[in-house]
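As a plain string of letters, each chain reads:
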Amino acid sequence: MLIVFLVLSGGCTPNDPYRASDTGANTFYSTFFEPPKHLDPARAYSSEEYDFLAQIYEPPLQYHYLKRPYELIPSTVEDVPAPAYYDRDGKRLPHGAAPEKVAKAVYEITVRKGILYQDHPAFAKGPDGEPLYMNLSPSDLKGVDEVSDFKVKGTRELKSDDYILEIMRLADPEIASPVLPIFEKYILGLQEYSEALRRDLDGIRKERREKAGLSYNQEADEKANPVILDYRKHKLPGVERVDDHTFRIILKTKYPQFVYWLAMPFFSPVPEEAHLFYKQGALADRNITIDRFPIGTGPYMMETFNPNMEIILSRNPNFHYEEYPKEGEAVDAEKGLLKDAGTRLPFADKLVFKLEQEVIPRWNKFLQGYYDNSGITSDSFDQAVSFSAAGEAELTDAMKEKGITLLTSVRPSIYYTGFNMLDESIGGYSPEKQKLRQAISIALDFEEYIEIFNNGRGIPAMSPIPPGIFGNKDGKDGVNRYVYEWDDAKKRPVRKSLEYARKLMAEAGFSNGRDKNGRPLVITFDNPWTGADSTPMINWYIKRMRLLGIQLENRTTDYNRFQEKMLKGNFQMFSWGWNADYPDPENFLFLLIGSNSKVKYQGENVSNYSSPEFDRLFKIMENMDNSPERLKVIDEMLAIAKKDSPWVWGHHPVAFGLYHQWMSNIKPNSMANNTMKYLRVDPELRKKLRQEWNSPNLWPLAIIAALIILGSIPAVISVRRRLGRAKR
Amino acid sequence: MPVILATDLIIFFLVGAVLYFVIASRKVGTLKSVRRELGKNRLALVCMVFLAFYVLVALLDSVRYRDAVIDDDGASAVSEDGGVIYSPEALSLLDRALSGMRTRTEKTYSAPFATHSYAKESMEGADGTIVRDYPPLKYPRAHWLGTDRVGNDVLFTALKGVRTGVVIGAGTTIVIIPFAIFFGVVAGFYGGVIDDIVQYIYTTLSSIPGVLLIVAFMLLFGSSGYQGGLISEVHVIWRAFVLNDRLFWLCVILGITSWTDLCRLIRGETLKLRELEYVQASRAFGIGRLSIIYRHIVPNVMHLVLITFVLQFSGLVLAEAILSYIGIGVGPEMGSWGNMINTARLELSREPVVWWNLLAAFAAMFALVLPANIFGDAVRDALDPRLRYR
Amino acid sequence: MLTYIIRRILYAIPIVIGVNLLTAVLFFYVNTPDDMARKILGEKNVTAAQVDNWKRDHGYNLPVFFNTPEEGTAKLTETIFFKKSLPLLWFDFGRSDRNNIDIGGEIKTRMWPSLAISLPMFTLGLVLDLFIAMMLAYYRGTYLDLWGVVLAVVMMSVSTLFYIIGGQFLLGKVLKLFPISGFDTGIDSVKFLVLPVVIGVLSSLGIGVRFYRTVFLEEINKDYIRTARAKGLGEGAVLFKHALKNAMIPILTNVVVSIPFLFYGSLIMERFFAIPGLGNFTIDAIQAQDFAIVRSMVYLGSILYIVGLILTDISYTLVDPRVRFE
């Protein structure tokens, strides 16, 4: 069997998971952990989906690949739009106008001419000029399992209507876009528009049900005959079409952060042809949907969508001219990141993503050279990374020998442990309660947590704003004085002592963790943790809290029940995280404003923190441009929040990425998702190294065989003896 | 203040049953011969010692009580209404006996008998420079099987897994014995429609894939139950009982998915017994059906129960590990070998490999399952000579 | 024969209905549609209105079994049970809750990878089990038998997880003989299958050998074998010709019932080796709490079990003419 197998694999690397014909191809190999649920840009809202989506669709704007702080640049449009503000009477207001005066904020966007979509059957036209693949019946689709199986494909130019259609799709009740509630607050008339569409849908459903009678099965019927809502029937005043390449988005309030949304897939163009093409029951029946086969103008297009095994994107031949950036940060040239400046994108011919749900196989295959990049799991960390004398992460010798590069970047996110501010024993705003929460913040030593569970891959948080986002300060100014002291000699913050925390506890009325009646303070801790790390993590929390005499009652539940508890406010302490949508402090500070309370308004303020002064300052900060004044307001806000300590600020994760030596042009960018067009692979080097690293060890097999033979000798002897006896 | 979990009752019942068999085997005739048979089998005796050790550990880990909270002045704390306040932590006799092992924790991994930590750390030297080296352990050479990721003693964790293993192995069968006997005997004895109904019930239940049934059931009952760790007042009823116990629900559902074999066996045996002469004779004498069932049928199917019990034991212990892997096993705070393996999986890809966690779980499990298998065979041979070969 | 099969199938109908009812109760009361909606809609910005809309769009706003406000038969038909659970009876699995894929189609495509791994595992395992068991039976009483049994017991005392973890570590990582995990279509899949198949066979070898050994020994101790021996037949001939033939019934009971389950795949194996089969599908669904899929898999599993039972009964008659249909 082994020989047959060795022959089949046709070479000296029998553990190669790819086909022999693929060696040497200009392909980037990576993995995905979870199959993407939706590749519909109006619906997708997770990083797993963006990994694919952002390579295919192009929203109007994108982030500059190299520059820091993050900078928006045009992607398919002429320039980054600047809003024009108008008051209630339609009078133009200056840029710095006070938010309450602004009644309309108009963003005029000009789409570049000559951008083509990828080739796709939705654009295919017959000789009569009509779409070729409309009103398909199941019999038309014999032998069609993927979009690439259609014979005729077409393309067309990108137009402003495509962007407008997508904004309308956001309001489509059938699509159920997760950001609709956000934009209903901002885009003029979107709420009324979405309600009108919802009424239309309900009306159509009712009609169909009455027509079909009792045996009506809505699910089956809508699968066979999808409901097509007429978007043009109602007016959406928030979007105006100027001409083929120009359109306007009109907001009802001032919202300077809106431009960041224009870099997210929610504002990608969707051509009407595609929208209608995918509304065919016969196609849905074959799982050919927009959730699986997106149509975009981006550098790559979907080639194979097999979420159970692999997803392959291939270069879009129609991709418009875009070149590698010519400038970046000061050090970028030195790091060789500007070698390709001005070269046409993209570089790799194919992007192959394999489904890998288990960590160990994924890590081992990376080491064998079969994946080009890898994040580091905590358990392979020691193997890959050591710390230099200065405490900086660097690769171990074994990794260096392989020529692997390590890139780190602080992610714009925060993992925090929150308190329920509505809770009687642990919430509230009196000085005692503040002290209690501060004491807990000191006891939960996140330096240790990061060391144990993240192998140093994290930065203890001083406030909700992570490094790299405006408003974060490092050094002495940024330190959270309620938890840390600043050590002038060592130039770093030092966590306050446990004695101090115990003193705070005593002042809060819980000397040694007992209340005045001697009853121990028991705090419940809710988390949705699963997996291998959950037990030690819970034990760590219990251990740390016990240092203050507090008994932690752990309440791990599945994610659903956890969320339900959060929504009902039935909890004391909890663990949660937030990942920024865009690089603005507003996107973090809004997690603490009263009008965003989870219990009261189903918002994202899970700790239900509410401070009138904080909320007032937020309103001011929200509408300011990044400036020293804004920084001052943020400082004031943070001072209030730090004193109240509604969260133990927790930590900001640091992403460690490993890349093999055949990869170049890599710079971690936490905001941009469309970065794969910049990656360059050296397939020849990869081929050589893979062969070097993967020659099989056959000698143990020989040993096993020898052992089996040796072991069976006595058996053979005894059998012979027995047979001999039988003969006699 | 004692705390009694639903699964503690299972352990108590198990110990009681074992004691009963030991005592009864001195008197009752059939059991006497079984005893003699087992006595001849040296290997079985060795296995019995192993099993006895495990049951003993499980028993020690099932007797637990809460201490009163001690005030600053040394007296126990009293609440406003005058009641003594108890700590929410219910430590078992095992916890107390091994309190050294339990409390002597390190910061993170250390190898068996090591003096230094397993991972390098940045440490500040006396002169303020940062050195990266292996920090010395707080308790050098104290951890026989090393420590895990958060520095807990692995030997202690493995011992805490014993109770879970024994409860799953024994509890599952114990929980379902009454039902299996009832349904099996009734179906076999009365036959007809009753037989059809019972057969229908167990065919339906056994036709649902076990894992999926367990998933649904555990989501329904298990997620609100006590999962180990601190005792929450919500769970305590009648001052001392915690009946809503996740592990108990796991036993129940594992029982439901595995009872059909026992039920079918008992039904078959009852069918046979029903036709035996002495049963027919008792009938002819006009003895009530219930009393026939009680006197003649039930005692004569008990050997099947015993055989099933010992044979299922090892399989169930192994099943626990797999369920914990899928995430529907015991809670993360309950020490269990399944949880240990689940954690240890990742540790194998570390370099250098952290092997002691996996080894401890493997050895602890193996040392229970292997004797259970051998002993199970021995019991079956002794009880049911028809099944003996050679 | 035909009437017998038809009768057996008719017997199966109430069981199928029972399974259907039971799963409906379990899944619609355990995981309320609200839970489902929240899980599926995502983590950010989920409002109550969105939850309601999702429920309405996916038909989960109806009562489970009985819709009182409706009239006539609609009381029964306008329910979750009627719309979601009953169609399973005619294999209309519907669409998954999470990503709206066609479950029936997914089962059809995922069946093959499952089969690709379970079929060789099963046949190879069976052949090896039977062969070793027969060897042990042949050399019963010798030290070969003794140590064979001991080894079998030792092997069955090791958790499957250890076999998988150890196998991947040793054969995949250290010796670099096989890809650690993965799958491909067609002939390219062979290199991926070797490792899981070897591990799968090894992990079930202990139980199999022990079971079949007892089966053979039971036969060997019967009178007809003694007669055959007395006739002067060699031990080998006795074992292979007579004992094997008569041991077919217990072997069949064990084997035939599991044949339909080959389609069903193995949860753990497929997970560890990233085989895109039905087992992996099920675990994913469990972890994502996509109960439309779990429900379908429960139903499929029970159907396969019942088919297995019927096949077993039929196969008896083929190997043993003494077994007749009542």
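Keep in mind the model is a prediction, meaning the values are calculated, not measured.

Before going further, it helps to spend a moment on the overall build of chain A. Looking only at helices and strands, chain A has 23 helices and 25 strands in total. In summary, chain A has a C-alpha radius of gyration of 30 Å against a globular reference of 27 Å for 728 residues, a match within 12%. Taken over the C-alpha atoms alone, chain A extends approximately 110 × 85 × 65 Å along its principal axes. Across the 728 residues in chain A, those meeting the buried criterion constitute 57%. Carbon and sulfur atoms provide 52% of the accessible area of chain A, an area that totals close to 29,800 Å².

This next bit is on the sheet that holds strand S1 (residues 27-32) of chain A. Residue and element names in this part refer to chain A. Overall, mixed pairing links the four strands, which are arranged S1-S11-S10-S9 in an open sheet. Each end of this open sheet is capped by a strand with a single partner; those strands are S1 and strand S9 (300-306). Geometrically, the sheet is characterised by an average inter-axis angle of 20° between neighbouring strands, direction not taken into account. Note that strand S10 (residues 310-315) and strand S11 (residues 350-355) share five bridges and pair antiparallel. By the bridge assignment, Leu 313 is partnered in S11 with Leu 351.

Turning our eyes to something else, we now look at a positive patch on the surface. All names here are of chain B. Together, Arg 26, Lys 32, Arg 35 and Arg 36 make up a region of like positive charge exposed at the surface. If you trace the backbone, Arg 35 turns up in helix H2 (residues 29-40). Since its relative accessible area comes to 41%, Arg 35 is described here as partly exposed.

Listed per partner, the contact involves 45 residues of chain C and 38 residues of chain B. Carbon and sulfur atoms make up 77% of the area that chain C and chain B hide from each other, which totals about 3,800 Å². For the pair chain C and chain B, the interface holds one salt bridge. Here Arg210(C) and Asp377(B) are joined by a salt bridge, their closest N and O atoms 2.3 Å apart. Mapped onto the side of chain C that touches chain B, the elements with two or more residues apiece are helix H1 (2-30), helix H7 (143-156), helix H8 (160-174), helix H9 (190-220), helix H13 (267-272), helix H14 (278-288) and helix H15 (291-319) of chain C.

Residues and elements named next belong to chain A. Here chain A is described as being made up of domain 1 (58-286), domain 2 (414-655) and domain 3 (696-728). Relative placement of domain 1 and domain 2: their C-alpha centres are 39 Å apart. Around 1,000 Å² of area is buried between domain 1 and domain 2 when both sides are counted, 53% of it from carbon and sulfur atoms. Our enumeration of links across domain 1 and domain 2 arrives at zero salt bridges. In this structure, the connection of domain 1 to domain 2 is made through four residue pairs in polar contact (both at pLDDT 80 or more). Residue classes in the side of domain 1 that touches domain 2 are distributed as nine nonpolar, two polar and one charged.

By size, the foremost hydrophobic cluster in this structure holds 164 residues, and its most contacted members are Leu250(B), Trp337(B), Ile341(B) and Met297(C). Here this core takes 17 residues from helix H6 (residues 154-190) of chain B, the largest share from any one element. Domain assignment of the residues forming this core places at least three in each of domain 1 (2-90) and domain 2 (103-320) of chain C. Once residues lying within four places of it in the same chain are set aside, the contact partners of Met297(C) are Pro209(B), Leu212(B), Ile107(C), Tyr264(C), Leu278(C), Phe281(C) and Thr282(C). Formed by 111 residues, the second largest nonpolar core is a distinct cluster that contains Tyr57(A), Tyr117(A), Ile175(A) and Tyr659(A).

With that settled, consider the sheet that holds strand S8 (residues 246-251) of chain A. All names here are of chain A. The five strands lie next to each other as S5-S4-S6-S8-S7, forming an open sheet whose pairing is antiparallel. In this open sheet, the two edge strands, each paired with only one partner strand, are strand S5 (92-93) and strand S7 (239-243). Where strand S6 (residues 104-110) and S8 come together, six bridges link them in antiparallel fashion. Bridging from a neighbouring strand, Tyr 107 pairs with Ile 249 of S8. The sheet contacts of helix H3 (residues 160-170) involve S7 and S8, and relative to S7 the element is tilted by about 170°.

Bringing empty space enclosed by the protein into the picture now. All told, the structure shown has six cavities of 30 Å³ or more when counted by the stated rule. As a volume, the second largest cavity reaches approximately 100 Å³. Looking at the lining of the second largest cavity residue by residue, the classes come out as eight nonpolar, three polar and three charged.

Glancing now at the interface of chain A and chain C. In this assembly, 72 residues from chain A lie in contact with 66 residues from chain C. Each partner contributes to the roughly 6,300 Å² buried at the junction of chain A and chain C, and carbon and sulfur atoms together form 46% of this total. There are one salt bridge connecting chain A and chain C. The interface formed by chain A and chain C holds 10 residue pairs in polar contact (both at pLDDT 80 or more) in total. It is helix H23 (residues 699-727) of chain A that provides the largest number of residues to the side of chain A that touches chain C, a total of eight residues. The class makeup of the residues in the side of chain A that touches chain C is 32 nonpolar, 19 polar and 21 charged.

Moving on, we come to the confidence of the model for chain A. The pLDDT averaged across chain A works out to 87; a share of 94% of its residues lies at or above 70. Below a pLDDT of 50 lies the segment residues 1-11 of chain A, which in the model reaches 14 contacts outside its immediate sequence neighbourhood of four places, other chains included.

Turning next to the packing of aromatic side chains. For the coordinates displayed, the defined rule picks out 58 aromatic pairs over all chains. Here the aromatic rings of Phe258(A) and Phe267(A) are separated by 5.6 Å at their centres, their planes lie at 85°, and the arrangement is edge-to-face. In this pair, the class of Phe258(A) matches that of Phe267(A), namely buried. Residues Tyr20(B) and Phe21(B) carry aromatic rings whose centres are separated by 5.6 Å and whose planes lie at 65° to one another, so their mutual orientation is edge-to-face. Taken together through their ring pairs, the aromatic side chains of Tyr45(A), Tyr107(A), Phe183(A), Phe258(A), Tyr260(A), Trp261(A), Phe266(A), Phe267(A) and Tyr582(A) make up a single cluster.

Our focus in this paragraph is the confidence of the model for chain B. Residue and element names in this part refer to chain B. Summarising the model, chain B shows a mean pLDDT of 82, and 91% of its residues fall at 70 or more. The weakest mean pLDDT in chain B belongs to strand S4 (residues 121-124) at 67; the strongest belongs to helix H3 (residues 42-60) at 92. ipTM for the predicted complex: 0.80, alongside a pTM of 0.83.

Conventions and cut-offs
Residues numbered from 1 in each chain as written. Chains lettered and ligands numbered in written order. Predicted model: local features only at pLDDT ≥ 70, side-chain atom pairs only at ≥ 80, totals over all residues. Heavy atoms only, no water. Helix = DSSP H or I, 4+ residues; strand = E, 2+ residues; numbered from the N terminus. Rg over C-alpha atoms; globule rule 2.2 N^0.38 Å. Buried < 20%, exposed > 50% of the residue type's maximum accessible area, 1.4 Å probe, protein only. Areas by Shrake-Rupley, 256 points an atom, 1.4 Å probe, with all protein chains shown as cover. Pairing = 2+ DSSP bridges. Axes fitted to C-alpha atoms, helices over the stretch in contact; angles between N-to-C directions. Patch = residues over 30% accessible without salt bridge, like charges linked within 9 Å, V, L, I, M, F, W, Y side chains within 5 Å. Salt bridge = Lys/Arg side-chain N within 4 Å of Asp/Glu carboxyl O. Lys, Arg positive; Asp, Glu negative; His and termini not counted. Charge placed at Lys NZ, Arg CZ, Asp CG, Glu CD. Contact = heavy atoms within 4.5 Å. Buried area = accessible area lost by both parts, 1.4 Å probe. Domains from an automatic or database assignment. Polar contact = N/O pair within 3.5 Å; in protein donor to acceptor, adjacent residues only side chain to side chain. Nonpolar A, V, L, I, M, F, W, Y, C, P; charged D, E, K, R; others polar. Core = buried A, V, L, I, M, F, W, Y, C linked by side-chain atoms within 4.5 Å. 1 Å grid on protein atoms, 1.4 Å probe; cavity = no way out; pocket = protein on both sides within 12 Å on 5 of 7 lines; lining within 4 Å. Points joined across faces, edges and corners; volume = space filled by probe spheres on them. pLDDT = per-residue confidence, 0-100. Phe/Tyr/Trp six-rings, centres within 6.5 Å; stacked < 30°, edge-to-face > 60°.

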